[in-house]
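# Chains, contacts and geometry: an overview
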Amino acid sequence: MLVAGNALSCLFIDTSGFHRCLSPGVTHFNGGVVKSCKKEGFVIDERGKLKRFNKKKLSRKRCGSLRGRGWKYGSGFVDGIFPVLSPIAQKILNFIQRETDFEKVADVLGTLPTTHASWDDLINVAVQLRLNKKWDPIVLVCEWILRRSSFQPDVICFNLLIDAYGQKLRYKDAESLYVQLLESRCVPTEDTYALLVKAYCLAGLIEKAEAVLIEMQNHHVTPSATVYNAYIEGLMKRRGNTEEAIDVFQRMKRERCKPTTETYNLMINLYGKASRSYMSWKLFCEMRSHQCKPNICTYTALVNAFAREGLCQKAEEVFEQLQEDGLEPDVYVYNALMEAYSRAGYPYGAAEIFSLMQHMGCEPDRASYNIMVDAYGRAGLHSDAEAVFEQMKKLGIAPTMKSHMLLLSAYSRARDVTKCEAIVKEMSENGAEPDTFVLNSMLNLYGRLGQFTKMEKTLAEMENAPCTAADISTYNILINVYGKAGYLERVEELFEEVKERKLRPDVVTWTSRMGGYSRKKLYVKCLEIFEEMIDSGCVPDGGTAKVLLSACASEEQVEQVTSVLRTMHKNVSVSSLAPKQLVAN
């Protein structure tokens, strides 16, 4: 995630905003509005005192203009400070966020005078959109600059558009834009290469990402930490690329490129998500030994790493270390610590952290309440979970799909079908239409209670609704339920539907299908399914091995299965390992 390097330590107040509102029907922009706007503004400093400042000087000298100064990837702005938008820039921003038609955008932006001030406004608007992760409006603004305007685009314009294309998985447009950058005699910066690398990683094109590093060498540019950070971040955003990201980090150190705080933050987060908190801690220690100063994001990532494994004591130690280093815990750190107690099964510990957060003047957000709902739900305290849910609504915090889902999970654990159905109904009434994930939860609940009629009815509703199409998880639940109940014909019907819908069976699909036959000790059939699984390229896991072993009815069969699992990597045919007398039967 791209974050600003420095946080604002004060709040800006635009006095003109209290006396004038901008028209929603913008048709053109001109410089007249600026003249009528006072130059003075006010700032509330860290001590709470009101001071006067000159907005124009602040905007132009400190963080308003990017002209000729480049752009730091990852900060969202040249020096990590958010842009201060002029009145004209604010009008442009409001218009761009509403309008999606390129021709209309071109007509309105075409009324801007071709001045340095207009250029500053356009770039500031694009940077603000990037901070808000509004990629489509960035594309509209930057494409207009490149195709229709009389402005001469510089490298920052190209970089912003390459970034937006990458986020939209339009890697071909990103690489075409890079060629256009070179043809326009702009000099690519390390940020340009970093954004290209990230664009290819997001699209899953690791070979092309490597080609960018070669391109850098051809231009006599040594990959910096900025480029490696983008490479690691791009790999992290695609599942299954954990080891590749680790390899890039190791290569970075081999090539004597010094990791930055952001690098360590990315890697601590990566190991945390992979449930390898011990490696996150090792990197944290390495970071400190190399005099690389951890920031609040570092500690948040480390607390999160321990939280995912329910290691609340370790998370608490990191929380204390954070304060000893003179940092002020924010809502994200408190939420991570609450999550640690929730995962460890201590809901009242999470509640204590929640109270501490409020006592310290840190306002809980929606995620804080969601964590408390989950904490009580995991512990089977569904009434407490609902009390937190209702408190959140009373405070004016609108529950999201996730909020409803956590409450649904709490009552699902209690097998309270009536309450779960009421929650789903409430979601629809509040405008949050249940998605596939919610309906899958209901399928699972009905299946566990043996209510197959309701389960089939829910499946039919999913097939008829465009927004709740059945996914592979849906079929995994159904195959598992019917397999446990012994309805093997229905299991095979569902498996064929998976193929018809062009869904790819995963290890859970194959193992659940095999499980139905395993319960009836149909050993040969289990071996046949296992061979199909291997031939399809699906890698078995520990659950698959358990199911195969449970299908065995004799010591000989146990030896056969053990032999299969040990010799898989040697491409031994599964069918050749089955006992001949059983195959004949």
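The shown structure was predicted, so the numbers you read here are calculated from the model rather than taken from an experiment. (Residues numbered from 1 in each chain as written. Predicted model: local features only at pLDDT ≥ 70, side-chain atom pairs only at ≥ 80, totals over all residues. Heavy atoms only, no water.)

What follows is about the overall build of the protein chain. A tally of helices and strands in the protein chain yields 31 helices and three strands. Taken across its 585 residues, the protein chain has 48% of its residues classed as buried. Residue pairs in contact within the protein chain that sit at least 24 positions apart in sequence constitute 61% of those at least 6 positions apart. Carbon and sulfur atoms form 51% of the exposed surface of the protein chain, whose accessible area is close to 29,500 Å². (Helix = DSSP H or I, 4+ residues; strand = E, 2+ residues; numbered from the N terminus. Buried < 20%, exposed > 50% of the residue type's maximum accessible area, 1.4 Å probe, protein only. Contact = heavy atoms within 4.5 Å. Areas by Shrake-Rupley, 256 points an atom, 1.4 Å probe, with all protein chains shown as cover.)

Next up on the list: helix H9 (residues 190–202). A rise of 1.5 Å per residue sets the reference length of H9, with its 13 residues, at 18 Å; its end C-alpha atoms lie 18 Å apart and thus fit the reference within 8%. Within H9, twelve of the 13 residues are buried, which leaves it mostly tucked inside the rest of the structure. The set of residues buried in H9 consists of Asp191, Thr192, Tyr193, Ala194, Leu195, Leu196, Val197, Lys198, Ala199, Tyr200, Cys201 and Leu202. One or two positions beyond H9, positive phi appears at glycine 204, with a value near 80 degrees. (Expected span 1.5 Å × (residues − 1).)

Before going further, it helps to spend a moment on the pattern of salt bridges. Oppositely charged side chains can pair when the atoms bearing their charge come close. Enumeration over the complete set of coordinates arrives at 26 salt bridges. Through salt bridges with shared partners, a single network forms among Glu143, Arg147, Arg170 and Asp173. (Salt bridge = Lys/Arg side-chain N within 4 Å of Asp/Glu carboxyl O.)

A separate point is the environment of arginine 501. Residue position: arginine 501 is located in the loop between helix H26 (488–500) and helix H27 (507–519). Sequence spacing of arginine 501 and aspartate 471 is 30 residues, and the spatial spacing of their C-alpha atoms is 9.2 Å. Within the structure, arginine 501 has its side chain in polar contact with the side chain of glutamate 463 (distance 3.2 Å). (Polar contact = N/O pair within 3.5 Å; in protein donor to acceptor, adjacent residues only side chain to side chain.)

Per-residue pLDDT for the protein chain has a mean of 81; in total, 82% of the residues score no lower than 70. In this model residues 29–46 is a low-confidence stretch, pLDDT under 50, and it forms 53 contacts with partners more than four residues away in sequence or in other chains. (pLDDT = per-residue confidence, 0-100.)

A word on the packing of helix H5 (residues 116–131) against helix H6 (residues 135–147). The interhelical angle for the contact between H5 and H6, taken along N-to-C directions, is 155 degrees, at an axis separation of 8 Å. It follows from the interaxial angle that H5 and H6 lie roughly antiparallel. For the pair H5 and H6, the crossing hand works out as left-handed. Facing H5, whose interface residues are Trp119, Leu122, Ala126, Leu129 and Arg130, H6 presents Trp135, Pro137, Ile138, Val141, Trp144 and Ile145. (Axes fitted to C-alpha atoms, helices over the stretch in contact; angles between N-to-C directions. Parallel < 35°, antiparallel > 145°, perpendicular 65-115°, else oblique. Left-handed = near helix turned anticlockwise from the far one by under 90°.)

On to the environment of valine 424, then. Of note, valine 424 is situated in helix H22 (residues 417–429). Put simply, valine 424 and leucine 439 are 15 residues apart on the chain and 8.6 Å apart in space, counted from C-alpha to C-alpha. Those residues within four positions of valine 424 in sequence are excluded, and the remaining contacts are Leu408, Pro434, Val438 and Met442.

Quick look at the environment of phenylalanine 95 now. Topologically, phenylalanine 95 is positioned in helix H3 (residues 87–98). Taking the C-alpha atoms as reference points, phenylalanine 95 and leucine 109, separated by 14 residues in sequence, lie 10.0 Å from one another.

This next bit is on the packing of aromatic side chains. One pass over the structure, following the stated rule, counts 15 aromatic pairs. The interplanar angle of 65 degrees and the centroid separation of 6.4 Å between the aromatic rings of tryptophan 144 and phenylalanine 151 together place this pair among those described as edge-to-face. Residues tryptophan 144 and phenylalanine 151 agree in their burial class; the two are buried. With 6.2 Å between their ring centres and 70 degrees between their planes, tyrosine 348 and tyrosine 376 make a pair best called edge-to-face. (Phe/Tyr/Trp six-rings, centres within 6.5 Å; stacked < 30°, edge-to-face > 60°.)

Residue arginine 256 is not a glycine yet carries a positive backbone phi of 60 degrees. With respect to the helices and strands, the residue arginine 256 is situated in the loop between helix H12 (242–254) and helix H13 (261–273). Not every positive phi belongs to a glycine, and arginine 415 is a case in point at roughly 60 degrees. In this structure, arginine 415 sits in the loop between helix H21 (401–413) and H22. Take arginine 415: its relative accessible area is 46%, and that puts it in the partly exposed class.

Relative orientation of the contacting elements H27 and helix H28 (residues 523–535) amounts to 170 degrees, with a least axis distance of 9 Å. When the interaxial angle is binned, H27 and H28 end up roughly antiparallel. Here H27 contributes Val507, Trp510, Arg513, Met514, Tyr517 and Ser518 to the contact with H28, which in turn contributes Lys525, Cys526, Ile529, Phe530, Glu532 and Met533. Residue composition of the contact of H27 with H28, by class: eight nonpolar, one polar and three charged. (Nonpolar A, V, L, I, M, F, W, Y, C, P; charged D, E, K, R; others polar.)

If you check helix H8 (residues 171–183), its first and last C-alpha atoms are 19 Å apart, about what 13 residues at 1.5 Å a residue would give, namely 18 Å. Within the span of H8, buried status applies to Ala174, Leu177, Tyr178 and Leu181. All buried residues of H8 lie within an arc of 105 degrees about the axis, which places them on one face of the element. Projecting away from the buried face of H8 at angles above 90 degrees are the exposed residues Lys172 and Glu183. Two residues or fewer after H8 comes arginine 185, characterised by a positive phi angle close to 65 degrees. (Arc of directions from axis to C-beta.)

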